[in-house]
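So you can see what is in the structure, the chains are spelled out below.
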Amino acid sequence: MSSRSLRWLRWLALFAAVFAFGLVMFGAFVRLSNAGLSCPDWPTCYGQVTWPQHAQAVAHADAAFPDRPYEAHKAWREQVHRFLAGTLGVLVLLLALLASWRRRDALLAVLVGAVFAALGVGLYMRGEHLWSSLLAACAIALPLIAAIRLPRPGAWKICVLALAVIIFQAMLGMWTVTLLLKPIVVMGHLLGGMATFALLAYAALRFAGVAAAGDGLADLRRLVAVGIVLLLCQIALGGWTSANYAALACGYGPGSFPECLGQWAPPADFREGFVLWRGIGVNYEGGVLDMAARSAIQIAHRLGALVVFCYLGWLAVRTARHGLRALGLAIALALAAQVLLGISNVYFGLPLAVATAHNGTAALLLFTLLATLARTQRRHDASMFLSLGRA
């Protein structure tokens, strides 16, 4: 791979990472504005590529989906989100093609995987769900195997791996609609979006040369990896809270924080609150749990936040003491902002702007940890890095 191609790969990875961050924010806006089921079919919206906009099209939509009356102010949000997700998919496909260039087996796997994914969508629209699922599984497996076997540095592997992740993310988006906002799927969709952003951001950091001169930061690298795992667990818990409509289970205003419903130990049903699978056919819009189960989820989310706050706060100090003061400060600032936004969500009754920013700041906090992780990784020798790219 020439230096010019490497520059293209670097800038494309950066653009895709920024685009993925915007998509995470817009996805949170769609979910938090209760627009997740505003298009009852997938990938079309009431049978249209865009969404119904004229009186005749709206009447046809209401007749075709009598259980889901058309709401224009919500439908456009969901369908625009799908368009943006599709655009990101194209960007990731281009990255995967560039990363696997001149490796015939990997390039073929990427191309065939993309074709299988497109065919799977077409078969799904025709009602051939079994064949569609089989093709989708193959579309995920092919770039995944190619990424594992690709004889190139990690950044190249990540670009190919991201294609497998985003295809699976598209399936989660489909299931979010077809399984009627099933909480485990909604939570998985959030994690998929964060994972896609994380992979692209980390690849962009590595292509930009963010690394250490040696292995002197190996001990910090392990601590950062633990922090990333803890943060992802907390993001999953936040997704579970949102998917079960438990964000305001402890009320809002005075008595809602740090207490819950004005009590330090309110009734809480943790067993019922964390049943991951409840069967198929239930519409989860608005939530199906009672107050005790939702309170249990909210309390668990707060306890998780406390653990993450203590660990990442300590990690920020350790990072600064290792000579990475800017990164330590970035972790601390993002962590403080995230906690304040979380408290504001509860105290002020989940304002849409604040709740959306809470999701975006979680992604930014994840990015600060990824940047720290990249900064602790050993730097490749420049000539070896380019020669491996050519392989």
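Right, let's walk through the structure included here.

The rules we used
- Every chain's residues receive numbers from 1 upward, in the order its sequence appears when written.
- In keeping with the model being predicted, local features are shown solely for residues with a pLDDT of at least 70 and side-chain atom pairs are shown and tallied solely at 80 or more, while totals for entire chains, interfaces and linings include all residues.
- Side-chain descriptors were evaluated using all non-hydrogen atoms of the structure, hydrogens and water having been removed beforehand.
- The secondary structure listing takes helices from DSSP runs of H or I that are at least 4 residues long and strands from runs of E that are at least 2 residues long, numbered from the N terminus.
- The contact rule is simple, with two residues in contact once any of their heavy atoms fall within 4.5 Å.
- Two cysteine sulfurs form what is called a disulfide whenever their separation falls within 2.5 Å.
- Think of a patch as exposed residues, more than 30% relative accessible area, with no salt bridge, where like charges cluster within 9 Å and nonpolar side chains (Val, Leu, Ile, Met, Phe, Trp, Tyr) cluster within 5 Å.
- What sets the accessible areas is the Shrake-Rupley method with a 1.4 Å probe; for residues, cover comes only from the shown protein chains.
- The salt bridge definition used is simple: a Lys or Arg side-chain nitrogen within 4 Å of an Asp or Glu carboxyl oxygen.
- Here's how the labels work: a residue is buried when its accessible area is under 20% of the maximum for its type, exposed when over 50%, partly exposed in between, all with a 1.4 Å probe on protein chains only.
- Paired rings are identified among Phe, Tyr and Trp, the last through its six-membered ring, by centres lying within 6.5 Å, and are further divided according to the angle between planes into stacked (under 30 degrees), edge-to-face (over 60) and tilted (the rest).

### Describing the side chain of Ser33
And then number 1: For Ser33, the location among the structural elements is in the loop between α1 (3-32) and α2 (55-64).
And then number 2: In this structure, Ser33 is in contact with Lys74, Arg77 and Leu352, ignoring residues within four places of it in sequence.

### A short note on the state of the cysteines
And then number 1: Summed over the entire model, instances satisfying the criterion amount to two disulfides.
And then number 2: Across a sulfur-sulfur distance of 2.0 Å, Cys39 and Cys45 are joined as a disulfide pair. Residues Cys39 and Cys45 are joined through a disulfide that is left-handed, its torsion about the S-S bond being -75 degrees.
And then number 3: Two residues share a disulfide in this structure: Cys250 and Cys260, whose sulfurs sit 1.9 Å from each other. Residues Cys250 and Cys260 are joined through a disulfide that is left-handed, its torsion about the S-S bond being -85 degrees.

### Some remarks on a nonpolar patch on the surface
And then number 1: Judged by side-chain polarity, Trp11, Leu14 and Val18 come together as a nonpolar surface patch covering roughly 330 Å² of accessible area.
And then number 2: Here Val18 shows up in helix α1.
And then number 3: Exposure remark for Val18: the relative accessible area of 53% places this residue in the exposed category.

### A word on the packing of aromatic side chains
The description of two aromatic rings rests on the distance between their centres and on the angle between their planes.
And then number 1: For the structure shown, the criterion picks out eleven aromatic pairs.
And then number 2: Look at Trp42 and Tyr124: their rings are 5.7 Å apart centre to centre, the planes differ by 75 degrees, and that puts the pair in the edge-to-face class. Of the two residues, Trp42 sits in the loop between α1 and α2 while Tyr124 sits in helix α4 (residues 104-125), which places them 82 residues apart along the sequence.
And then number 3: Centre to centre, the rings of Tyr46 and Tyr70 are 5.4 Å apart; their planes meet at 85 degrees, and the pair counts as edge-to-face.

All we've got here are geometric facts, nothing functional implied.
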